[in-house]
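# What the coordinates show
Here are the chains, one letter per residue:
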Amino acid sequence: MSIKKIDKYVKEIERNGFVIIKDLISKNECDKFKSLLERYHKKYHKKYSFNKKNKSSLADKTLEKVVFNLHNKDLIWFKLFQNKIIISILDIVLKKGSFKNSEPYYLNNISARTPLKGNKGQQIHVDSNLPGVNYNIVTNVQWLLDDFNKENGSTYLVSKTHKVQKYAYGKNIKNKILIKANQGSVLVYNANLWHGGSEKKNNKTRWALILGYARWFIKPSFDYMLNTPLKIYKKLNKKQKSLLGFNLI
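Structure report, in brief.

Reading guide: rules and limits
Residues numbered from 1 in each chain as written. Predicted model: local features only at pLDDT ≥ 70, side-chain atom pairs only at ≥ 80, totals over all residues. Heavy atoms only, no water. Core = buried A, V, L, I, M, F, W, Y, C linked by side-chain atoms within 4.5 Å. Buried < 20%, exposed > 50% of the residue type's maximum accessible area, 1.4 Å probe, protein only. Helix = DSSP H or I, 4+ residues; strand = E, 2+ residues; numbered from the N terminus. Contact = heavy atoms within 4.5 Å. Expected span 1.5 Å × (residues − 1). Arc of directions from axis to C-beta. Polar contact = N/O pair within 3.5 Å; in protein donor to acceptor, adjacent residues only side chain to side chain. Pairing = 2+ DSSP bridges. Salt bridge = Lys/Arg side-chain N within 4 Å of Asp/Glu carboxyl O. Axes fitted to C-alpha atoms, helices over the stretch in contact; angles between N-to-C directions.

## A few points about the nonpolar core
Within the largest apolar cluster, 46 residues are counted, with the highest numbers of intra-cluster contacts made by L70, W77, F81, W143 and Y213. Here the element with the most residues in this core is helix α4 (residues 84-93); it accounts for six residues. Among all residues touching W143, those that are not within four sequence positions of it are L24, I25, L80, N83, I86, S185, V186, W207, A208, L209 and L211. L144, F148, Y189 and I210 belong to the second largest nonpolar core, which has eleven residues in total.

Next comes the structure, spelled out in structure tokens:
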């Protein structure tokens, strides 16, 4: 992809807080990744610990399937983690403003989810924990492994709210945009952007791989140093280890 195209995507993220890049992977690839996620969920979901006392729509996982830490299950996921187009965008937005625009970033959150029918959607929120900061400190990359539409719990967001210096709050939020995009597309957005998941109305899956890339000083969601099996670690190349933050210890 040309530098001109990458610059166009970067400007959209800086201006509106997000960009949709269409058809980065094929339907067959999406189906293969979805099959893996269904298998992982069946194997691991009982091992996950969720706070059942917390009734917020973000903490309640009873009407969704979630899988964490895909890096420690199969190296095939690095095909998405390291996608050249996405990395070219992140090399700009997550280094801008740092010393010589060159300080590192890494993959600090790796998860996948599909809401189930009856899921009322998520409360609107931000993922950076520091709304309205000068620079993009966390970027979310959401791989759409299914079509996203108004029936299957698609992501919604509010354009330009990545510049708002307050937390997203409330139910009557104006100017919400519901993401409608084909399977195989990618949604890239500043984690300061107000967003959430919409109501799930049908029985079809709506799997999305959700990757958070963060500047080096931000704590990861999980301890990759402890949860990466040695047999996986030995197969990682230098770039892959860097992407997981092993060089930031």
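## Things to note about helix α1 (residues 3-16)
Structurally, the α-helix is built with 3.6 residues per turn, so residues lying three or four positions apart point the same way. With 14 residues, α1 extends 20 Å between its outermost C-alpha atoms, agreeing within 8% with the 20 Å of an ideal straight helix rising 1.5 Å per residue. Among the residues making up α1, those that are buried are I6, Y9, V10, E12, I13 and N16. On an axial view of α1, the arc spanned by its buried residues comes to 160°, and they lie on one face. For α1, the exposed residues lying more than 90 degrees away from the buried face are I3, K4 and K11.

## Focus: α4
Among the residues of α4, I85, I86, I87, I89, L90 and V93 are the ones counted as buried. Two or three places before I85, at the opening of α4, N83 has a side-chain oxygen 3.1 Å from that residue's backbone nitrogen.

## Quick look at the pairing of strand β7 (residues 186-190)
Here β7 lies mainly inside the structure; five of its five residues are buried. Side chains of β7 alternate between two faces, with V186, V188 and N190 and L187 and Y189 buried alike. Where strand β1 (residues 18-21) and β7 come together, four bridges link them in antiparallel fashion. Within β7, the position partnered with I21 by the bridge is V186. Looking at chain direction, strand β4 (residues 138-144) and β7 are connected through five bridges and run antiparallel. Within β7, the residue paired with V141 across the bridge is V188.

## Details of the environment of D91
Relative to the helices and strands, D91 resides in helix α4. Residue classification places D91 among the partly exposed positions, given a relative accessible area of 32%. Sequence separation of D91 and N28 is 63 residues, and the distance between their C-alpha atoms is 29 Å. For D91, the side chain forms a polar contact with the side chain of Y105, separated by 2.7 Å.

## Some remarks on the pattern of salt bridges
This model, assessed by the stated rule, comprises nine salt bridges. K34 serves as the salt-bridge partner of D31, at 3.9 Å between the closest nitrogen and oxygen. Of this pair, D31 and K34 both sit in helix α2 (residues 27-44), three residues apart, which is roughly one turn of the helix. Taking the relative accessible area as the measure of exposure, K34 reaches 15% and is therefore buried. Between K65 and E38 there is a salt bridge whose closest N-O contact spans 2.9 Å. Residue K65 is located in strand β2 (residues 64-68), and its partner E38 is located in helix α2; the two are separated by 27 residues in the primary sequence. Classification of K65 as partly exposed rests on a relative accessible area of 23%. It is possible to trace a salt-bridge network through shared partners that takes in K27, D31, K34 and D146.

## Focus: the sheet that holds β2
Spatially, the six strands line up as an open sheet ordered β1-β7-β4-β9-β3-β2, and their pairing is antiparallel. Of all the strands in the sheet, the pair left with one neighbour each is β1 and β2. Across the sheet, the mean angle from the axis of one strand to that of its neighbour is 20°, orientation sign disregarded. Taken strand by strand, α1 contacts β1 and β7, and its axis lies near 145° from that of β1. Along the sheet, α4 contacts β1, β3 (105-115), β4, β7 and β9 (208-215); its crossing angle with β4, the most-contacted strand, is approximately 165°.

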